[in-house]
Amino acid sequence: MSLSVRALAAAALADMLHDKSPMSLQQTLPPIMQACLPRDRGLLMELVHGTARQGLYLQAILKPMLQKPATDMKLQALLMLGLYQLMFTRIPAHAALQETVGAARDLDMPGLTGLINAVLRRFQRESDTLIAAAQTEIHAHPRWLVDTLRRDWPEQSESMMAANNQIPGLTLRVNLRHVSRDAYLDMMLAQGLAARALDTPQGIALDEGLDLTKLPHFTDGWVSIQDAHAQRAAYELRLQPGQRVLDACAAPGGKAAHILELADVNLLALDHDIHRLQRVEENLTRLQLTAELRQADARDPDSWWDGQPFDRILLDAPCSGTGVIRRHPDIKWLRRPRDIIANARVQRELLDKLWPLLAPGGLMLYATCSLLREENDLCISRFLHDHADAQCLPLEGADPSFPGLQLFPGPHDGFYYALLQRQGA
Ligand SMILES: C[S@@+](CC[C@H](N)C(=O)[O-])C[C@H]1O[C@@H](n2cnc3c(N)ncnc32)[C@H](O)[C@@H]1O
């Protein structure tokens, strides 16, 4: 018997909620999507992402209604899922209750249907009081992250957290090697796809999600999915034809492809994860672009570098992902403070090991999708302090009192960029 949408959603969420070894939705969702009827997949995604996004707030509302915390993760997931539907969707309350209780039966939890029913009905009766009591958790972020954001960004932290709780839109990057942005937009509008140009040279915003294969010439490589703030990276590199360019952390290849769309350069794309590197290959093949791809640890140039300096290096470093929580709400559940310390160490190692590979006068763009200063301007400040031959160049829109440019989440993702030039040309 196939499981209902709510039962599948609760199974994915329960794995994410696991306190010792939580699993990311990227790990749990693919098999669960396969098990779901195609017509229900949109609803499944909405329920899982929405519950993950609002989950910490939902837990705070549930707390006074439970005599002791629900240690069974599937029970916790079902209660959160039921409450999410009642508070954040247009699903009629009677259907939300009935389907969520039914999901408990699907998951072989018949003894808990009474509890789930009672909790959700109590919420319906006492919603005003229960919601008022949970106001301090309305930001739906883990305590450590709230504290860090408030310390790092006292004026912007509340709007950052509100932005992290928005449903992200879909942004396209038109491949100018094939078609102009305006011509592509006209093709979309002619097909009845609601879209508008962004104030980036190649960006188009879609008003609604859609099946990518419906985009004109998607399989021919005329267009890719890429957030507008991510589309800055390739431009900031100030590429010239014939340059030797390194993309040190390349997978899945969004920025590598953009570099190759903009300039005829010799690109070496590294990633230490072979499976993710395959995605770079798939993306470049679809876009009809070529680069040298190599599985390697960028921190160990002796194992992969031919000794020829690079004119440009993109270091899109592994990070907390706190700027892309809108797209990956499970980051709220998966990240721990110790991860930030570990990331900062790897980021610093990557910077130190790659810097000598840059030609004098060359440019290195350090990028993260993090909002945390430890991974961004503090990391770059320390690097600049230790490297007399490194200069941080100004980026448009940056606050001159910090090195680099912090882009906040809002309509687009949160990103950080620092453009470093090696002196001595
Ligand atoms: C933020 S993602 C890069 C996104 C990519 N630049 C894009 O635009 O599609 C970071 C990547 O760094 C890779 N990575 C992490 N540590 C690495 C290392 N030491 N050497 C090479 N790649 C690494 C990860 O596997 C991951 O694919």
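Reading the values: rules and limits
- Residues numbered from 1 in each chain as written.
- Predicted model: local features only at pLDDT ≥ 70, side-chain atom pairs only at ≥ 80, totals over all residues.
- Heavy atoms only, no water.
- Pairing = 2+ DSSP bridges.
- Helix = DSSP H or I, 4+ residues; strand = E, 2+ residues; numbered from the N terminus.
- Axes fitted to C-alpha atoms, helices over the stretch in contact; angles between N-to-C directions.
- Salt bridge = Lys/Arg side-chain N within 4 Å of Asp/Glu carboxyl O.
- Buried < 20%, exposed > 50% of the residue type's maximum accessible area, 1.4 Å probe, protein only.
- Core = buried A, V, L, I, M, F, W, Y, C linked by side-chain atoms within 4.5 Å.
- Contact = heavy atoms within 4.5 Å.
- Phe/Tyr/Trp six-rings, centres within 6.5 Å; stacked < 30°, edge-to-face > 60°.
- Lys NZ or Arg CZ within 6 Å of the ring centre and 35° of its normal.

Next up on the list: the sheet that holds strand β1 (residues 170–174). Taken together, four strands build an open sheet; the order of strands is β2-β3-β1-β4 and the sheet is antiparallel. Each edge of the sheet is formed by a strand with only one pairing partner; in this case those strands are β2 (195–197) and β4 (223–225). Going from strand to strand, the sheet's axes swing by 30° on average, the running direction of each strand aside. Alignment of β1 against β4, held across three bridges, turns out to be antiparallel.

Before going further, it helps to spend a moment on the pattern of salt bridges. Here the structure, examined in full by the defined rule, presents 24 salt bridges. A salt bridge links Arg-177 to Asp-264, with the nearest nitrogen and oxygen atoms 2.7 Å apart. Of this pair, Arg-177 sits in the loop between β1 and α9 (181–190) while Asp-264 sits in the loop between α11 (254–262) and β6 (266–271); the two residues are 87 residues apart in sequence, bridging distant segments of the chain. A relative accessible area of 41% means that Arg-177 is categorised as partly exposed. Judged by relative accessible area, which is 54%, Asp-264 ranks as exposed. For Arg-373, the salt bridge is made with Asp-377, and the minimal N-O distance between the two is 2.8 Å. For Asp-377, a relative accessible area of 4% translates into the label buried. One continuous salt-bridge network, built from bridges that share partners, spans Asp-227, Arg-326, Arg-327 and Asp-413.

Let us look at unusual backbone geometry. Across the junction of Ala-251 and Pro-252, the peptide omega takes the value 5°, indicating a cis bond. With respect to the helices, strands and loops of the structure, Pro-252 is situated in the loop between β5 (244–247) and α11. The phi torsion at His-217 lies on the positive side, around 55°, for a residue other than glycine. Look at His-217 and you get partly exposed, because its relative accessible area is 34%. Backbone geometry at Arg-238 places phi at a positive 50°, although glycine is not the residue there. Relative to the helices and strands, Arg-238 is located in the loop between α10 (232–236) and β5. Residue class for Arg-238 comes out partly exposed when judged on its relative accessible area of 37%.

Time to look at the nonpolar core. Residues Leu-44, Val-48, Leu-62, Leu-78 and Ile-116 are the most contacted members of the largest nonpolar core, which totals 51 residues. Contributions of two or more residues to this core are made by α1 (5–17), α2 (25–34), α3 (41–62), α4 (73–88), α5 (93–106) and α6 (113–133). For this core, the element with the highest residue contribution is α1, accounting for eleven residues. Ignoring anything within four residues of it in the chain, the contact list for Ile-116 reads Leu-75, Leu-78, Leu-79, Thr-100, Val-101 and Ala-104. Leu-149, Met-160, Ala-251 and Val-265 belong to the second-largest nonpolar core, a separate cluster that totals 45 residues.

Turning our attention to the packing of aromatic side chains. Under the defined criterion, the tally for this structure stands at six aromatic pairs. Where Phe-415 meets Tyr-417, the ring centres are 5.7 Å apart and the plane angle is 10°; that geometry is what we call stacked. When sorted by exposure, Phe-415 lands in the same class as Tyr-417, which is buried. Cluster of aromatic residues (ring-pair linked, three or more members): Trp-153, Phe-402 and Phe-408. Above the ring of Phe-310, the side-chain terminus of Arg-244 is found at 4.7 Å from the ring centroid. A cation over a ring is seen here: Arg-286 above Phe-218, with NZ or CZ 4.1 Å from the ring centre.

With that settled, the discussion passes to the side chain of Gln-54. Assignment of secondary structure puts Gln-54 in helix α3. Residue Gln-54 is classed as buried on the basis of its relative accessible area, which comes to 10%. When neighbours within four sequence positions are excluded, Gln-54 is seen to be in contact with Tyr-84, Phe-88, Ala-140 and Asn-165.

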